[in-house]
Amino acid sequence: MAQLSDRMRALVQPHLAQIEPYDPAFSQTRINLSANENTYPPPPAVRAAVDDALAATPLNRYPDPMSNRLRDLIAARGGHSRRQICVGNGGDELLFNFIMAFGGQGRTLLNCPPAFSEYEFFASVNQTQVKRVWRDPETFELDMPRTLEAASRSDMVILTSPNNPTGNLVGAHEVEQVCEACPGMVMVDEAYIEFADPGSSVECLLPSHPNLVVLHTLSKAFGEAGVRCGYVVAAPDVIDVFAAVRQIYSVNVLTQAAAEAALRMEVMFDPVVRQIRAERERVVAALRALLADVDAPSGDPAPAVWPSQGNFVLARVPDAARVRERLRDEHSILVRDFSSAPGLAGCLRITVGTPEENDEVLRALSQLIKEDRS
Ligand SMILES: *Cc1c(COP(=O)(O)O)cnc(C)c1O
């Protein structure tokens with residue numbers, strides 16, 4: 001999408017005049033490993049249950065605004081009460097509403113980049129100032145002293161765990177310190193938590209930290225990116241805010257039905273998640289082997305592959321933008337190019353797909369990178 005026309009620039013709210021829409025850089029390819037979706041087909045029994053649920057859903061009636069059946073299901077599996085859950089039209093809607101409700105003019109969001117670019121986009125739409133504390137340029141760990149100092153002067157903090165696109169977790173102790181330092185609200189975005197080592201979620205901190213909000217989505221591990229369903233877990237009075245600002249019917253009847261069916265059959269996703277985790281380790285090892293004796297062009301940082309707790313791997317390769325283009329054009333494989341994003345020079349993010357997809361991307365990368373050296 002282009003920039004706004006001059007005519008529209010004069011008519012929209014002044015702070016929107018320079019806005020650039022989020023670009024997922026999508027193009028049609030044979031293999032799409034660019035958006036961190038679950039590329040495995042849904043377990044057939046889950047797909048059948050979703051289809052049955054959709055077929056049984058009346059379309060002529062408005063949805064239950066608060067998705068209460070879904071809330072109860074989510075609450076029961078996490079040991080929460082219904083009043084601690086708000087469901088949204090994707091995690092994105094909840095992120096937007098979080099910033100809309102707690103940000104705005106004169107308020108500050110603390111962001112720790114490199115992180116998910118939507119945070120700053122939603123902040124700009126909501127006239128919310130952004131304060132940045134950059135992660136360590138090599139390990140991508142949080143800079144805790146500066147993060148805590150900035151959190152103490154921010155109205156909101158968003159931390160991503162596992163972080164997109166760097167793949168590392170934020171520890172519970174760090175989240176606890178940020179919650180204590182920040183006078184406002186702290187969101188931990190756990191979109192990829194199902195792929196992390198067990199026990200990595202910070203939901204256990206909710207009872208002791210009433211300013212904590214934990215975000216989840218069905219778009220990643222549950223393979224329902226097209227369904228658009230996410231939820232937040234927080235203290236009941238925080239949920240009251242999410243409930244008050246939301247568009248009343250944003251979670252449609254089909255989404256509620258499909259999400260319920262998937263969550264009821266949650267155990268069927270365990271083998272999928274296990275395989276993605278195993279494939280992730282295989283992809284990391286293969287990429288490291290591939291890059292082991294590759295030199296960076298002089299002046300560029302050395303090739304690297306970071307460990308990941310998500311369903312994606314971040315790798316720094318020579319000539320990344322061109323490699324991504326050639327993967328797309330010569331192999332019809334789409335990965336995400338972050339090489340021009342601040343703090344991510346030379347980096348590509350590759351979603352972990354099925355074993356066949358992973359084999360193909362590894363083969364293609366090996367060919368492109370080796371060819372380059374001969
Ligand atoms: C995918 C993702 C989300 C949520 O995506 P939805 O599809 O809107 O639920 C949130 N945060 C991060 C970091 C993500 O990568």
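Predicted, not measured: the structure shown is a model, and the values here were computed from it.

So, about the overall build of the chain. Tallying secondary structure elements over the chain gives 12 helices and 13 strands in all. Since a compact globule built from 374 residues should have a radius of gyration of about 21 Å, the 21 Å found for the chain is in line with a globular shape. Counting only C-alpha atoms and orienting by the principal axes, one finds that the chain spans roughly 60 × 50 × 50 Å. Per-residue burial for the chain yields a buried fraction of 52% across its 374 residues. Sequence separation of at least 24 residues holds for 72% of the intrachain contacts in the chain that already meet a minimum separation of 6. Seen as two clouds, the 35 positive and the 48 negative side-chain charges of the chain have centres 3 Å apart.

Turning our eyes to something else, we now look at the site of the ligand. Near the ligand lie 14 residues; those nearest to it are Gly-91, Asp-189, Tyr-192, Thr-217 and Lys-220. A distance of 3.0 Å separates an oxygen atom of the ligand from a polar atom in the side chain of Asn-164. Alone, the ligand offers 380 Å² of accessible surface; in the complex the protein occludes 94% of this. Examining the composition of the shell around the ligand, we find that 3 residues originate from one element, helix H4 (residues 90–102), more than from any other.

Before going further, it helps to examine the pairing of strand S8 (residues 230–234). Counting buried residues along S8, 5 of its 5 residues qualify, which places the element largely inside the surrounding structure. Neither face of S8 is open: one carries Gly-230, Val-232 and Ala-234, the other Tyr-231 and Val-233, and all of them are buried. As paired strands, strand S7 (residues 212–217) and S8 are joined by 5 bridges and run antiparallel to one another. The partner of His-216 across the bridge, within S8, is Tyr-231.

A word on the sheet that holds strand S9 (residues 304–305). With antiparallel pairing, 4 strands are arranged side by side in an open sheet as S9-S10-S13-S12. If you trace the sheet from one side to the other, it starts and ends with S9 and strand S12 (336–337), each paired once. Of the pairings in the sheet, the one linking strand S10 (residues 312–316) to strand S13 (residues 347–351) comprises 5 bridges and is antiparallel in character. Looking at S13, one finds that Arg-316 is bridged to Cys-347. In this fold helix H10 (residues 270–291) packs onto S9, S10 and S13, with an angle of close to 10° to the strand it touches most, S10.

Take the UniProt feature "domain: Aminotransferase class I/classII large" (unreviewed entry) in the chain next. According to UniProt, the "domain: Aminotransferase class I/classII large" (unreviewed entry) feature falls on residues 31–365. Its end C-alpha atoms 14 Å apart, residues 31–365 is made of 39% helix and 15% strand.

Turning to unusual backbone geometry, a few remarks are in order. Cis geometry marks the peptide bond from Pro-113 to Pro-114, where omega comes out at 0°. Mapped onto the fold, Pro-114 is located in the loop between strand S3 (108–111) and helix H5 (118–125). Here Asn-164 and Pro-165 are connected by a cis peptide whose omega angle stands at 15°. By secondary structure assignment, the location of Pro-165 is in the loop between strand S5 (156–160) and helix H7 (172–181). A positive phi angle, close to 60°, is found at Asn-36, a residue other than glycine. With respect to the element layout, Asn-36 can be found in the loop between strand S1 (31–32) and helix H2 (44–55). The phi dihedral of Arg-228 falls on the positive side, at around 65°, and the residue is not glycine. Along the chain, Arg-228 falls in the loop between S7 and S8.

This part covers the pattern of salt bridges. By the definition in use, this model includes 18 salt bridges. Note that Glu-266 is salt-bridged to Arg-77, the shortest N-O span being 2.7 Å. With Glu-266 in the loop between helix H9 (253–264) and H10 and Arg-77 in helix H3 (residues 68–78), this residue pair connects regions lying 189 residues apart in the sequence. Taken together, the shared-partner salt bridges in this structure form one network comprising Arg-69, Glu-260 and Arg-264.

Next up on the list: the packing of helix H6 (residues 144–151) against H7. Where H6 meets H7, the axes come as close as 8 Å, and the angle between the chain directions of the two elements is 30°. Overall, the two elements H6 and H7 adopt an arrangement that is roughly parallel. Between H6 and H7 lies a crossing of right-handed hand. Contacts between H6 and H7 involve Met-144, Thr-147, Leu-148 and Ala-151 on the former and, on the latter, Glu-174, Gln-177, Val-178 and Ala-181. Across the contact of H6 with H7, the residue classes break down as 5 nonpolar, 2 polar and 1 charged.

Calculation criteria
- Residues numbered from 1 in each chain as written.
- Predicted model: local features only at pLDDT ≥ 70, side-chain atom pairs only at ≥ 80, totals over all residues.
- Heavy atoms only, no water.
- Helix = DSSP H or I, 4+ residues; strand = E, 2+ residues; numbered from the N terminus.
- Rg over C-alpha atoms; globule rule 2.2 N^0.38 Å.
- Buried < 20%, exposed > 50% of the residue type's maximum accessible area, 1.4 Å probe, protein only.
- Contact = heavy atoms within 4.5 Å.
- Lys, Arg positive; Asp, Glu negative; His and termini not counted.
- Charge placed at Lys NZ, Arg CZ, Asp CG, Glu CD.
- Near = heavy atom within 4 Å.
- Polar contact = N/O pair within 3.5 Å; in protein donor to acceptor, adjacent residues only side chain to side chain.
- Areas by Shrake-Rupley, 256 points an atom, 1.4 Å probe, with all protein chains shown as cover.
- Pairing = 2+ DSSP bridges.
- Axes fitted to C-alpha atoms, helices over the stretch in contact; angles between N-to-C directions.
- UniProt positions renumbered as here; feature names shortened; annotations may be inferred.
- Salt bridge = Lys/Arg side-chain N within 4 Å of Asp/Glu carboxyl O.
- Parallel < 35°, antiparallel > 145°, perpendicular 65-115°, else oblique.
- Left-handed = near helix turned anticlockwise from the far one by under 90°.
- Nonpolar A, V, L, I, M, F, W, Y, C, P; charged D, E, K, R; others polar.

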